[in-house]
There are 4 protein chains.
Amino acid sequence: MSEQLSPSPSLICETILQQIERGLFSTQSKRLPSERELSEIFNASRLTVKHALLELEAQGVIYRKERRGWFLAS
Amino acid sequence: MSEQLSPSPSLICETILQQIERGLFSTQSKRLPSERELSEIFNASRLTVKHALLELEAQGVIYRKERRGWFLAS
Amino acid sequence: MSEQLSPSPSLICETILQQIERGLFSTQSKRLPSERELSEIFNASRLTVKHALLELEAQGVIYRKERRGWFLAS
Amino acid sequence: MSEQLSPSPSLICETILQQIERGLFSTQSKRLPSERELSEIFNASRLTVKHALLELEAQGVIYRKERRGWFLAS
DNA sequence: GTGGTCTAGACCACA
DNA sequence: GTGGTCTAGACCACC
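All of these numbers come straight from a predicted model, not from anything done at the bench.

Thoughts on the environment of L54 of chain A
Residue and element names in this part refer to chain A. The residue L54 is located in helix α3 (residues 46–58) in this model. Looking at L54, the relative accessible area reads 32%, which means it is partly exposed. Separated by ten residues in sequence, L54 and R64 have C-alpha atoms that sit 9.2 Å apart. For L54, the contacting residues outside a window of four places in its chain are R64 and W70.

Some thoughts on the side chain of T48 of chain A
Tracing the chain through its elements places T48 of chain A in helix α3. Residues in contact with T48 of chain A, not counting those within four places in the same chain, are P7, S8, P9 and I12 of chain A.

Re the protein's contact with DNA strand F
Not every one of the 36 residues close to DNA strand F is listed here, only the nearest: K50 of chain A, S34 and K50 of chain B together with S45 and T48 of chain D. A distance of 2.4 Å separates a phosphate oxygen of DNA strand F from a polar atom in the side chain of K50 of chain A. Within the backbone of S45 of chain D, a nitrogen or oxygen atom sits 2.7 Å from a phosphate oxygen of DNA strand F. Secondary structure elements with two or more residues in the surface near DNA strand F: α2 (35–42), α3 and β2 (69–72) of chain A, α2 (35–42), α3 (46–58) and β3 (69–72) of chain B together with α3 (46–58) of chain D. Tallied by class, the residues present in the surface near DNA strand F amount to six nonpolar, nine polar and 21 charged.

Here's the deal with the pattern of salt bridges
Counted under the stated rule, the structure contains ten salt bridges over all chains. Between K50 of chain A and E35 of chain A there is a salt bridge, with its nearest N and O atoms 3.3 Å apart. With K50 of chain A in helix α3 and E35 of chain A in helix α2, this residue pair connects regions lying 15 residues apart in the sequence. Residue E35 of chain A is classed as buried on the basis of its relative accessible area, which comes to 11%. R64 of chain C is the salt-bridge partner of E57 of chain C, the closest N and O atoms lying 3.1 Å from each other.

Topic: the protein's contact with DNA strand E
Lining the immediate surroundings of DNA strand E are 37 residues, of which S45 and T48 of chain A, S34 and K50 of chain C together with K50 of chain D lie closest. Between DNA strand E and T48 of chain A, the relevant distance is 2.5 Å, taken from a phosphate oxygen to a side-chain nitrogen or oxygen of the residue. A distance of 3.4 Å separates a base nitrogen of DNA strand E from a polar side-chain atom of R46 of chain C. For the surface near DNA strand E, the secondary structure elements donating two or more residues are α3 of chain A, α2 (35–42), α3 (46–58) and β3 (69–72) of chain C together with α2 (35–42), α3 and β2 (69–72) of chain D. When the residues that make up the surface near DNA strand E are grouped by side-chain class, the tally is six nonpolar, nine polar and 22 charged.

Remarks on the packing of aromatic side chains
Evaluation of the coordinates by the stated rule reveals four aromatic pairs over all chains. An angle of 25° between the planes, with centres 5.9 Å apart, marks the rings of Y63 of chain B and F71 of chain B as stacked. If you follow K65 of chain A out to its NZ or CZ, it ends over the ring of F71 of chain A, 4.8 Å from the centre.

What counts and what doesn't
- Residues numbered from 1 in each chain as written.
- Chains lettered and ligands numbered in written order.
- Predicted model: local features only at pLDDT ≥ 70, side-chain atom pairs only at ≥ 80, totals over all residues.
- Heavy atoms only, no water.
- Helix = DSSP H or I, 4+ residues; strand = E, 2+ residues; numbered from the N terminus.
- Buried < 20%, exposed > 50% of the residue type's maximum accessible area, 1.4 Å probe, protein only.
- Contact = heavy atoms within 4.5 Å.
- Near = heavy atom within 4 Å.
- Polar contact = N/O pair within 3.5 Å; in protein donor to acceptor, adjacent residues only side chain to side chain.
- Nonpolar A, V, L, I, M, F, W, Y, C, P; charged D, E, K, R; others polar.
- Salt bridge = Lys/Arg side-chain N within 4 Å of Asp/Glu carboxyl O.
- Phe/Tyr/Trp six-rings, centres within 6.5 Å; stacked < 30°, edge-to-face > 60°.
- Lys NZ or Arg CZ within 6 Å of the ring centre and 35° of its normal.

And the structure:
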């Protein structure tokens, strides 16, 4: 990640999409890192990360299992 | 803390009480009042206050944490 | 503060500097570490820590602010 | 308002709807109180209030003028 | 002096 | 040890 402060949800969306395309984040379980881990990775608050995840969910890229985590839709 | 695993709630209680008596758990904040509060304190517009804060930042007296507020540099 | 309206930025600068020198703007927090931190400090589960905190609350030593944390009662 | 802590967005929605039906909030301008005022009225954070307002916007009850405020749709 | 947006951090319900 | 949700409070762009 760059040193940029306060990344926007859409920037986080883009970056996550790129990582997905590159095969990162896709382990056997296809689970994404937790919201807390993503917060640290992107140097953003959980709220901002959540907004990005909701955006990707709306795009159908990922889906959510309540209190279980976020997973790749493919 | 001792090396004991899984301390009982009452042991934790005791330890917390001791720490409170010793004055621990009290930290010192070096945060300045918010820009809005400073505006009211000085009866000045927020723009004027901002100019003053930027001046102090340039002098190295205070620094800014993005969206977190202003803090003493020392 | 004087009664003067619309003080200049430099006057505000001066005043803030004086307050800093006098030690104002430093407040004392009476907040306890978060439940997660206490769990790590005591190497105990969050449930155990919670029981200890509830005990201390019953003793009137600490009190809770909903979703804000635990604070010393004194 | 009751003494209830941490009201949910949907509870705030209901209450605002009732107030609208009773003709409160509807002055000549049909403008709602500011998000900050609503936060104080409902003893909730701005974020929670915002969620309630977005819900009412989705229902078509109110609409938003960017950086101007919230207004009754009728 | 508004809404827009973000931070850092709580506690909670649940698995 | 996750996501769900909320708090209190920032700064910002704009009116």
